[in-house]
Amino acid sequence: MSNEVTYVMVKPDGVQRGLVGEIIQRFERKGLQLVGLKQVVPSEEIARKHYAVHSERPFFSGLIKFITSGPVVCMAWSGIDAIGVARNLIGSTNGREAAPGTIRGDFGMDIGYNMIHGSDASETAEFELGLWFSEGLNEWTQDSISWIYE
Ligand code: DAT
Ligand code: MG
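Residues numbered from 1 in each chain as written. Chains lettered and ligands numbered in written order. Predicted model: local features only at pLDDT ≥ 70, side-chain atom pairs only at ≥ 80, totals over all residues. Heavy atoms only, no water.

Here we take up the sheet that holds strand β3 (residues 72-80). What the four strands build is an open sheet, ordered β2-β3-β1-β4; its pairing is antiparallel. Bordering the open sheet on either side are β2 (33-40) and β4 (116-118), each of which pairs with just one other strand. Going across the sheet, the axis of each strand differs from the next one's by a mean of 15°, ignoring polarity. Of the strands in this sheet, β1 (3-10), β2, β3 and β4 touch helix α7 (residues 122-132), which is tilted by about 55° from β1. (Pairing = 2+ DSSP bridges. Helix = DSSP H or I, 4+ residues; strand = E, 2+ residues; numbered from the N terminus. Axes fitted to C-alpha atoms, helices over the stretch in contact; angles between N-to-C directions. Contact = heavy atoms within 4.5 Å.)

Listed below in C-alpha cells is the structure:
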C-alpha cells in the first residue's frame, strides 16, 4: 500500500464524444486526487514515445494517427495504489469485453477507439508523467482525505 501518481489521458474519441466531464467525475468521486490537467493536441513525436512499446505491432501507425488527430485531455491522479485503481476504473482494452461499470465497459464498443489511457505500472507511470507533464505536477492538500482513508 503506497501512494502513487498515475497518468490518465482521454483520447480524441472521448473528447469528441463529450465524455471528458463524465470521466473526470468518476476519478474524482472515487477519491483520487487531481494533480495535473490540460488539453493538448499531441505531436507525432510525443505519441511515438508514449506508445513506443507497441512500435512493432501492426496497429501502431493507425494508433499514432488516431492519437494525434485532435485534442486529448492529460491528467495526473494521485492516491494509494492509484495506478491499479485507475486501471480498474478504466476497464479492459476492448470495450465490447470490458466489464459494465468501467469506463470502457459503459461507453465503448471498440478496441482502438477505447476513449482513455491509464499507466499500467509504476515505471510506465513515471515515464508517461515525465513525458506529458514535463512542467511538473501540482502539490496541494486534499482536505477531504481524512474522510477517504480511515
Ligand atoms: P491498454 O490501453 O488497455 O493498456 P494496450 O497497452 O495493450 O492497451 O494497447 C495500447 C492501445 O493500443 C490500446 O488502448 C488500443 C490500441 N490497441 C491495442 N491492441 C489493439 C489491436 N489489436 N488493434 C487495434 N488497436 C489496438
Ligand atoms: Mg497499455
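Moving on: the packing of helix α2 (residues 20-30) against helix α5 (residues 82-90). Packing of α2 against α5 leaves a shortest axis separation of 11 Å and a crossing angle of 135°. By the angle between their directions, the pair α2 and α5 is classed as oblique. Here α2 and α5 pass one another in a crossing that is right-handed. Taking contact as the criterion, the partners of Arg 26, Phe 27 and Lys 30 in α2 are, on α5, Val 85, Ala 86, Leu 89 and Ile 90. (Parallel < 35°, antiparallel > 145°, perpendicular 65-115°, else oblique. Left-handed = near helix turned anticlockwise from the far one by under 90°.)

Let us look at the pairing of β1. Strand direction decides the pairing type here: β1 and β3, joined by eight bridges, are antiparallel. Residue pairing in the sheet places Val 5 in a bridge with Ser 78 of β3. As defined by bridge partners, β1 adjoins β4 across three bridges and the pair is classed as antiparallel. Paired with Val 10 across the strands is Ile 116, a residue of β4.

Every residue near ligand 1 is listed here: Lys 11, Tyr 51, His 54, Phe 59, Leu 63, Arg 87, Thr 93, Arg 104, Ile 111, Gly 112 and Asn 114. Arg 87 is positioned such that a nitrogen or oxygen atom in its side chain is 2.9 Å from an oxygen atom of ligand 1. Measuring from an oxygen atom of ligand 1, one finds a side-chain N or O atom of Asn 114 at 2.8 Å. A total of 520 Å² of accessible area belongs to ligand 1 in isolation, and the protein chains cover 75% of it. The class makeup of the residues in the shell around ligand 1 is four nonpolar, four polar and three charged. (Near = heavy atom within 4 Å. Polar contact = N/O pair within 3.5 Å; in protein donor to acceptor, adjacent residues only side chain to side chain. Areas by Shrake-Rupley, 256 points an atom, 1.4 Å probe, with all protein chains shown as cover. Nonpolar A, V, L, I, M, F, W, Y, C, P; charged D, E, K, R; others polar.)

Geometric descriptors of this kind do not, in isolation, establish any biological role.
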